[in-house]
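Structure assessment
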Amino acid sequence: MKQSDKTNTSIAVNRKAHHEYFIEDRFEAGLVLEGWEVKSLRAGRVQLDQAYIILKHGAAYLFGSLITPLQTVSTHIHPDPQRSRKLLLHQSELNKLIGSIERRGYTVVPLSLYWKNNRVKIEIGLAKGKKLHDKRRTEKERDWSREKQRLLKHKV
């Protein structure tokens with residue numbers, strides 16, 4: 001195996017997810033894509049900030065992600081940039097997600113999109129929504145950790 005196959009190359013990250021939710025558990029899922037979508041992902045033309053995941057009929061689907069088609073591809077097909085895309089998960093993982101959503105009020109959010117062994121993978125998180133005061137506390141802790149780093153840097 002080559003060194004480049006071992007590393008995960010990031011395509012897109014949903015930064016809003018960590019601000020809006022407490023991430024309890026993470027899962028790695030495959031993504032069913034068409035050829036033009038893979039080409040657009042290689043060019044980095046994807047947005048995950050408005051995306052969400054729905055579980056229905058015993059399967060998980062990614063909605064709201066925007067994969068902008070390349071001009072060279074759209075000459076002979078009619079791509080849909082916001083189509084729903086099926087996620088590939090093991091049945092035990094699906095059962096755990098469905099149970100957590102139905103019983104404990106969790107939600108499933110996309111966290112990041114990346115390459116793994118020349119395949120597109122999506123990291124999804126089992127999450128609980130943050131209240132406004134939780135968001136403020138997280139921001140205050142992040143600012144304080146930055147300030148500590150600055151103080152330590154100037155001291156040395």
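This one's a predicted model, so the numbers in the text were calculated from it and none came from an experiment.

Criteria and cut-off values
Residues numbered from 1 in each chain as written. Predicted model: local features only at pLDDT ≥ 70, side-chain atom pairs only at ≥ 80, totals over all residues. Heavy atoms only, no water. Buried < 20%, exposed > 50% of the residue type's maximum accessible area, 1.4 Å probe, protein only. Helix = DSSP H or I, 4+ residues; strand = E, 2+ residues; numbered from the N terminus. Pairing = 2+ DSSP bridges. Contact = heavy atoms within 4.5 Å. Polar contact = N/O pair within 3.5 Å; in protein donor to acceptor, adjacent residues only side chain to side chain. Patch = residues over 30% accessible without salt bridge, like charges linked within 9 Å, V, L, I, M, F, W, Y side chains within 5 Å. Areas by Shrake-Rupley, 256 points an atom, 1.4 Å probe, with all protein chains shown as cover. Salt bridge = Lys/Arg side-chain N within 4 Å of Asp/Glu carboxyl O. Lys, Arg positive; Asp, Glu negative; His and termini not counted. Charge placed at Lys NZ, Arg CZ, Asp CG, Glu CD. Core = buried A, V, L, I, M, F, W, Y, C linked by side-chain atoms within 4.5 Å.

1. Some words on the pairing of strand 8 (residues 107-116)
Within strand 8, eight of the 10 residues are buried, leaving the element largely enclosed by the surrounding structure. The pairing of strand 1 (residues 9-13) with strand 8 spans four bridges and is classified as antiparallel. The residue of strand 8 that forms the bridge with Ala-12 is Leu-113. Of the pairings in the sheet, the one linking strand 8 to strand 9 (residues 119-129) comprises nine bridges and is antiparallel in character. Following the sheet pairing, Trp-115 is matched in strand 9 by Val-120. Where strand 8 hands over to strand 9, the hairpin turn is made up of two residues, of which Asn-117 adopts a positive phi near 55°.

2. Quick look at the environment of Glu-28
Take Glu-28: it is sitting in strand 2 (residues 21-31). Classification of Glu-28 by relative accessible area gives partly exposed; the value is 32%. Separated by 39 residues in sequence, Glu-28 and Ile-67 have C-alpha atoms that sit 20 Å apart. Once you skip the residues sitting within four places of it in the chain, Glu-28 turns out to touch Leu-89, Glu-93, Tyr-114, Lys-116, Lys-121 and Ile-122. Engagement of the side chain of Glu-28 in a polar contact is seen with the side chain of Lys-116, the distance being 3.2 Å.

3. Some points on a positive patch on the surface
There is a patch of like positive charges on the surface, built from Arg-103, Arg-104, Lys-128 and Lys-131. Along the polypeptide, Arg-103 turns up in helix 4 (residues 91-104). The exposure class of Arg-103 is exposed, given its relative accessible area of 66%.

4. So, the pairing of strand 5 (residues 59-63)
A large share of strand 5 lies buried, amounting to four of its five residues. Pairing of strand 4 (residues 52-56) with strand 5, which is carried by five bridges, proceeds in the antiparallel orientation. What sits directly across from Leu-55, in strand 5, is Ala-60. Counted along the chain from strand 4 to the antiparallel partner strand 5, the turn is two residues long, and its residue His-57 has a positive phi close to 55°.

5. Structural notes on the nonpolar core
Counting residues in each nonpolar core, the largest one holds 27 residues, and the members touching the most others are Leu-41, Leu-87, Leu-113 and Ile-124. Sorting the residues of this core by element identifies strand 1, strand 2, helix 3 (35-42), strand 5, helix 4, strand 8 and strand 9 as the ones contributing at least two each. No other element matches strand 9, which puts four residues into this core.

6. Here's the deal with the pattern of salt bridges
Per the stated rule, a full pass over the model turns up eight salt bridges. Residue Glu-28 pairs with Lys-116 through a salt bridge whose shortest N-O separation is 3.2 Å. One end of the pair, Glu-28, is in strand 2; the other, Lys-116, is in strand 8, and 88 residues separate them in sequence. The class for Lys-116 is partly exposed, based on a relative accessible area of 29%. Between Arg-150 and Glu-147 there is a salt bridge, with the nearest N and O atoms lying 3.1 Å from each other.

7. Some details on the environment of Leu-88
As for its placement among the helices and strands, Leu-88 is situated in strand 7 (residues 85-88). Taking the C-alpha atoms as reference, Leu-88 lies 5.4 Å from Ala-29; in sequence the two are 59 residues apart. Apart from residues lying up to four places away in sequence, Leu-88 is in contact with Ala-29, Gly-30, Leu-31 and Val-32.

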